[in-house]
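This is what each chain is made of:
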Amino acid sequence: QVRLEESGGGLVQTGGSLRLSCAASGVIISINVMGWYRQAPGKQRELVASITRDDSTNYADSVKGRFTISRDNAKNTVYLQMNSLKPEDTAVYYCNAGVRTVFKTLEVWGQGTLVTVSQ
C-alpha cells in the first residue's frame, strides 16, 4: 500500500510564505509525475503545480512567479514553496503522485493540508 502524507499547512498573513511537503511511503519502484492540487470552498479542485521525475515543471497561471515546486527523488518527496500568498490562495492543498509499484502503477492522493491566508 502506498501513502502520501502532506505537512506544512497553516495560517499565514497576506504576503507571507509557507512550504508544503509531501512524502510517499510504501513499496515504491519509482514515481513519475508529482503534483499539488487545491480546492477552495465551493470550487472545483484545480492543479497548482506539477513536476516530472526529470524536474520538468508546470504551473497554474495564478501562481506563476510566486510558487515553486521541487522534489527529492531519493526521499520520494515533493515540496511546494509558496511566497507572496494572497487570500485567494486559501484552500485545502492535496498532493498527487503517479506511483509505480511491483504489480501496477497507481494514482495516489494525500488527505490534504489546509492553507489559510488572512487579509
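Structural notes, computed from the coordinates. (Residues numbered from 1 in each chain as written. Predicted model: local features only at pLDDT ≥ 70, side-chain atom pairs only at ≥ 80, totals over all residues. Heavy atoms only, no water.)

1. Notes on the pairing of strand 8 (residues 77-82)
Counting buried residues in strand 8 gives 5 out of 6 residues, a clear majority hidden from the surface. By the bridge criterion, 6 bridges tie strand 3 (residues 18-25) to strand 8 in an arrangement that is antiparallel. Bridging across to strand 8, alanine 23 finds its partner in threonine 77. The hairpin formed by strand 7 (residues 67-72) and strand 8 contains 4 residues between the paired strands, and asparagine 76 there has a positive phi angle of roughly 50°. (Buried < 20%, exposed > 50% of the residue type's maximum accessible area, 1.4 Å probe, protein only. Helix = DSSP H or I, 4+ residues; strand = E, 2+ residues; numbered from the N terminus. Pairing = 2+ DSSP bridges.)

2. Remarks on the side chain of arginine 71
Take arginine 71: it is sitting in strand 7. Among buried charged residues, arginine 71 stands out as having no salt bridge; its nearest opposite-charge side chain is aspartate 55, 5.1 Å away. Of the polar contacts made by the side chain of arginine 71, one reaches the backbone oxygen of asparagine 32; its length is 2.5 Å. Only 3.2 Å separates the side chain of arginine 71 from the backbone oxygen of isoleucine 51, close enough to count as a polar contact. Discounting chain neighbours no more than four positions away, the residues touching arginine 71 are Ile31, Asn32, Val33, Met34, Ile51, Thr52, Arg53, Asp55, Thr77, Val78 and Tyr79. (Lys, Arg positive; Asp, Glu negative; His and termini not counted. Salt bridge = Lys/Arg side-chain N within 4 Å of Asp/Glu carboxyl O. Polar contact = N/O pair within 3.5 Å; in protein donor to acceptor, adjacent residues only side chain to side chain. Contact = heavy atoms within 4.5 Å.)

3. Focus: the environment of threonine 101
Tracing the backbone through its elements, the reader meets threonine 101 in the loop between strand 9 (91-100) and strand 10 (105-109). Threonine 101 has contacts with Val2, Val27, Ile29 and Leu106, leaving out every residue within four places of it along the chain. Within the structure, threonine 101 has its side chain in polar contact with the backbone oxygen of lysine 104 (distance 2.7 Å).

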